[in-house]
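Summary of the model geometry
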Amino acid sequence: MRLSTALLRLFPLALTMSLACGESPRSSAESLEDGLEAVELRLVTAPASHRLGEPYRVEDIVPGQLSSGPSQLTDAAGTLFFVATDAEHGTELWASDGTSAGTRLVEDIRPGPDDSGIFRLTGAGPRVFFSADDGIHGHELWTSDGTPEGTQLVEDLSPGPESTYIGAVAALDGVLYFSAFSFEMGGMLWRTEGTPDSTRPIVDWLFSSPQTLTVWEGQLYFFVDRALYRSDGTAEGTVLLRDFTDEPGIVFPIGPVAAEGLLYFVLYEEDVDGFPRAPFWVWRSDGTPEGTVLVAEVPARLFSDLIATGSRLFFVANEGVHGSELWTSDGTREGTGLVEDIVPGPDSPYLRELTGLDGILYFSAYTPAVGDELWRSDGTAGGTFLLRDVRPGVQGSSIAYLTAQAGRLFFTAREAWASGHEPWTSDGTLEGTRRIADLVTGPFSSAPHGFTQSGARVFFAATEPRRGTELWALTAGTAATVRVGPEAQVGEEPGDFGPAYLVQDIVPGGGDSGIFWQASVGGLLFVDAFDPSFGTELWRLDGSLGGARLVEDIRPGPEGSFPSKMVDLGGGVLLFFADDGVHGEELWRSSGTPGSTRLVKDIFPGAGSSGAIEWIVLNGVLYFSADDGVHGQELWRSDGTPEGTWLVRDIWPGPEGSSPTYFTAWNGQLVFVATDEAHGRELWRSDGTEPGTQLAVELLPGPDSLFIEELAATPELLFLRVFTFEGTELWRSDLTSEGTVLVRAISIGSMSGSPRQLTVLGSTVFFIGYEPEYGSELWRSDGTAEGTVRVRDIRPGPDSSLPDPLVVVGDRLFFGAEDDGTFGRELWVSDGTEAGTVLVADISPGPSSSNPLNLFPVAGRLLFSADDGLRGRELWVSDGTPAGTRLLQELVPGRVGGNPSRFIATREHVYFTVDNSPTGREPWALPIRRLGE
């Protein structure tokens, strides 16, 4: 039994030490590559082998590329229940016997495409119980026997539309025990057999309720606040075992977890900031007050992953000497301690995926020699070793979803970049640890997850490029072979774009790859992406299925270098900032290969970071602000070489720094805002040389300053958002004193004109401006007072249409705006005239809003996300006309929506991320079909 808590986290430490294990026999067929002898594979005698049938797709619930996204896979007496999504019913309860004909929607609990929000799906005998919202009763407890007529609300505990929160659940002898809370009834422990008559409270704790219910030897064990209870399911049989409320300090419990013959739990205290502090206390109980005793005090400052297998308790602790390592307890003080220092010294092996099977603990551990791989432990140092190096070398196999089912282990692993994450199994021996099948040949990951035994089958969810994420199964009893069914074809509508597709599920299953920084360099997209084996590192995407690859593990191990501030220098070179754990966050370069990925310069020598804040590429040179530890934040430049990276000018001499910002390219020179002691914060210019970096114009003479808050450049003029004592208004500048003036005071008073989102279209700048009588509306300016005008009062009167964001496509401006309530917030377009500023399309008909977001210009069109009220937030395209505005592709079925965002284009593809529950938020690609091809 396992308990993981989000309260307690392992704080990453740098991993630089190699691991040496004791001698053990090894098969020559399984020998490691030369240079990796520090970790050995040990042979374990295999029991009688469990034979698995070939994996097969049970049913393509949502035909085509859309995913039904099976989740919460749960067994109930040989029937698999799960939650899945289709366009007609939304996300609802499904069941399967492992055949296509026997895979069916159980009931549309909330009729129509809206979701019923099922969670806490739990099997109890032949039934399942779960929390759901039918749109009438709020979230309440439901049950199902797999038939429509047997699927019903158990009881409306909070009558009417109010919801009852269903907390901890546990099944015992066909009865469901659960904690429930509402503001009206407080917190209670309940029991039910699935009928209103059998549903009754056991104990009422007012505003507290059990957080975890543990079944052990026919009884329930749980904590309420700081008190441990035992219950036989009756009020009189619910007894207090021990109350820790009066213990010195304020203690918090974790657990209990059940082992053979014992219950274990942990108590800890928090510091003033709410973080756990050392020490922790391991306790055990035999189910009696006198048998509930302290086992040992663990001098650890970190604690996580409490799990029992056999009679032992395992956990991860860091006592400040050995890093976060594996510890164990056999229920005695002498038998509680460190199992093995897997990575010697203060560094950590980043233990995760802790899973028990037949008294042995299996887990993923990182070592510098082999990366992140599968290990096993019997609780002794000699019995703790690498089970199999799935991917020989130092990069590791990124093991995920390690689960014990049907007397075996199931997990996903990546053998090499050419194979992707695929399903694996193990019986705990070296020879019995193998890949089940390559469900999707090539580098694309099928990313199987949710392994669950039901009857004679093990079910799981897996992803195919042309079918999305659907339900799969394995049958016991025959040899495992590989077979992948024929791929469904995706219909393609003629146009400028091919169908979008998932590039790679970088973090298998529902985890997010966490992409934030990205840059297009030639035909490649570079991103920062998270992988459990490497942390957040530099990846590259080439647009092909499965074409996402780690460029380099800059900071070896799972901690990650967090690459950021990525720019295309030209010539196929990417410049970015990263922290290798030695030099701090500094400037790096890459052309997409490990050999080309290297530190450019350690600007702030040693472990300190240069802290780049602003950056721009101009004439093949990167200009950026950085702090070398001597001059403060100043202007630097780099051509991507160490000798070509230098401080341009120390504008404010000494350690203060001029803090240059608002970098803008104008007529071949760099314009920016900087501060020095004599002039305050003013406009500067630079040609990249020290003599050519000069104060350009002083808006307010002397050391005091006006505040320049935004810059935009047309070929003729610079436009500035400037805050003065009279308010914030639009200024212009040609970098002369005479030519730097207020354009027009749009509004007088505290709000002033507040121009923002200065957006250049030709020689005109568009912006959002405010007037009390018209609100915030769309404006334009040519740099003259008479040429600075409101384009249109889209929402007549003092209320604002709030046009946002402003995006140029060709010779027109697109934006989202809200009218007087006739159409809601929809997509608009403008040519700069009142007559030419019009609603493009009422995507969500009537006063409801589609709220267009993430507007992105490409190939003369606008891509964006919008919600039409039927499909959720999905991918749309527009040419600026009603007929040319359409849903480009439904990415996630039903009203969930894929919520595409972070658009960026390379030569051949538009990339964006999609939030899809089966895969999490991951990168997708949309091929660009050039006009005329």
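Predicted model only: the values in this text are computed from it and were never measured.

Counting secondary structure elements, the protein chain contains zero helices and 73 strands. By residue count, 57% of the 933 residues in the protein chain fall in the buried class. Across the protein chain, the fraction of contacts at a sequence separation of at least 24, relative to all contacts at a separation of at least 6, is 48%. When the accessible area of the protein chain is evaluated, it comes to approximately 34,900 Å², of which 52% is carbon and sulfur surface.

Across the six residues that make up strand S16 (residues 219–224), a large majority, five, are buried. With three bridges joining them, strand S15 (residues 214–216) and S16 adopt antiparallel strand pairing. Across the sheet, residue Val 215 finds its bridge partner in S16, namely Leu 220. Direction of pairing for S16 relative to strand S17 (residues 227–231): antiparallel, over a ladder of five bridges. By the bridge assignment, Phe 223 is partnered in S17 with Leu 228. Taking the residues between adjacent antiparallel strands as the criterion, S16 and S17 are bridged by two residues, where Asp 225 takes a positive phi near 55 degrees.

All right, on to unusual backbone geometry then. Peptide bonds are, in most cases, trans, and in most cases residues other than glycine have a negative phi. Residue Pro 279 is bonded to the preceding Ala 278 through a cis peptide linkage, with omega at 0 degrees. The amide bond that connects Asp 804 to the next residue, Pro 805, takes the cis arrangement and shows omega of -10 degrees. Secondary-structure assignment places Pro 805 in strand S63 (residues 804–809). In this model, Phe 562 sits at a positive phi of 50 degrees, which is unusual for a non-glycine residue. Of the residues examined, Phe 562 reaches a relative accessible area of 48% and is grouped as partly exposed.

Within the secondary structure, Asp 271 is located in the loop between strand S20 (262–270) and strand S21 (276–285). The partly exposed category is assigned to Asp 271, whose relative accessible area is 27%. Sequence separation of Asp 271 and Ile 250 is 21 residues, and the distance between their C-alpha atoms is 9.9 Å. Within the structure, Asp 271 has its side chain in polar contact with the backbone nitrogen of Asp 273 (distance 2.9 Å).

Take the sheet that holds strand S59 (residues 756–761) next. What the four strands build is an open sheet, ordered S59-S60-S61-S62; its pairing is antiparallel. Since the sheet does not close on itself, it has two edges, and those belong to S59 and strand S62 (789–792), each with one partner. Geometrically, the sheet is characterised by an average inter-axis angle of 40 degrees between neighbouring strands, direction not taken into account. Bridging between strand S60 (residues 764–771) and strand S61 (residues 775–781) involves seven bridges; their strand directions are antiparallel. Residue pairing across strands places Phe 767 opposite Trp 779, the latter belonging to S61.

Turning our eyes to something else, we now look at the pattern of salt bridges. Taken as a whole, this structure holds 16 salt bridges when the rule is applied. A salt bridge links Arg 191 to Glu 193, with the nearest nitrogen and oxygen atoms 3.0 Å apart. Among the ionic pairs, Glu 771 bridges to Arg 790, the shortest N-O distance being 2.9 Å. In this pair, Glu 771 sits in strand S60 while Arg 790 sits in strand S62, placing the two residues 19 residues apart along the sequence.

This next bit is on the packing of aromatic side chains. Here the structure, examined in full by the defined rule, presents 26 aromatic pairs. Judged by centre distance (6.4 Å) and plane angle (40 degrees), the rings of Phe 223 and Phe 244 are tilted. One end of the pair, Phe 223, is in strand S16; the other, Phe 244, is in the loop between strand S18 (239–243) and strand S19 (251–259), and 21 residues separate them in sequence. By the ring-pair criterion, three or more aromatic residues cluster together here, those being Phe 223, Phe 244, Phe 265 and Trp 283. Over the face of the ring belonging to Phe 252 we find Arg 226, whose NZ or CZ atom lies 5.1 Å from the ring centre.

Spatially, the four strands line up as an open sheet ordered S47-S48-S49-S50, and their pairing is antiparallel. Only two strands of the sheet have a single neighbouring strand rather than two, namely strand S47 (615–618) and strand S50 (645–649). For this sheet, the mean angle separating the axes of adjacent strands, direction not counted, is 35 degrees. Judged from the four bridges that link them, strand S49 (residues 633–638) and S50 form a sheet pairing that is antiparallel. Within S50, the residue paired with Arg 637 across the bridge is Trp 646.

In this section: the side chain of Thr 597. Relative to the elements of secondary structure, Thr 597 occurs in the loop between strand S45 (585–590) and strand S46 (598–601). Polar side-chain contacts of Thr 597 include one of 2.7 Å to the side chain of Ser 590. Setting aside residues up to four positions removed in sequence, Thr 597 forms contacts with Val 551, Glu 552, Ile 554, Phe 576, Trp 588, Arg 589 and Ser 590.

Right, let's get into the nonpolar core. Counting 20 residues, the largest nonpolar core has Val 282, Leu 306 and Phe 315 as the members making the most contacts within it. Listing elements by their share of this core, those giving two or more residues are S19, S20, S21, strand S22 (293–298), strand S23 (302–309) and strand S24 (312–318). Formed by 19 residues, the second largest nonpolar core is a distinct cluster that contains Leu 863, Val 892, Val 914 and Leu 926.

When you tally the buried positions in S17, you get four out of five residues, the bulk of the element. Summarising the sheet, S17 and S18 pair through four bridges and their orientation is antiparallel. Each bridged residue has a counterpart across the sheet, and for Arg 230 the counterpart in S18 is Val 239.

As for its placement among the helices and strands, Arg 598 is situated in strand S46. We classify Arg 598 as partly exposed; its relative accessible area is 42%. Sequence-wise, Arg 598 and Trp 588 are ten residues apart; in three dimensions their C-alpha atoms are separated by 5.7 Å. Once residues lying within four places of it in the same chain are set aside, the contact partners of Arg 598 are Trp 588 and Arg 589.

Conventions adopted
Residues numbered from 1 in each chain as written. Predicted model: local features only at pLDDT ≥ 70, side-chain atom pairs only at ≥ 80, totals over all residues. Heavy atoms only, no water. Helix = DSSP H or I, 4+ residues; strand = E, 2+ residues; numbered from the N terminus. Buried < 20%, exposed > 50% of the residue type's maximum accessible area, 1.4 Å probe, protein only. Contact = heavy atoms within 4.5 Å. Areas by Shrake-Rupley, 256 points an atom, 1.4 Å probe, with all protein chains shown as cover. Pairing = 2+ DSSP bridges. Polar contact = N/O pair within 3.5 Å; in protein donor to acceptor, adjacent residues only side chain to side chain. Axes fitted to C-alpha atoms, helices over the stretch in contact; angles between N-to-C directions. Salt bridge = Lys/Arg side-chain N within 4 Å of Asp/Glu carboxyl O. Phe/Tyr/Trp six-rings, centres within 6.5 Å; stacked < 30°, edge-to-face > 60°. Lys NZ or Arg CZ within 6 Å of the ring centre and 35° of its normal. Core = buried A, V, L, I, M, F, W, Y, C linked by side-chain atoms within 4.5 Å.

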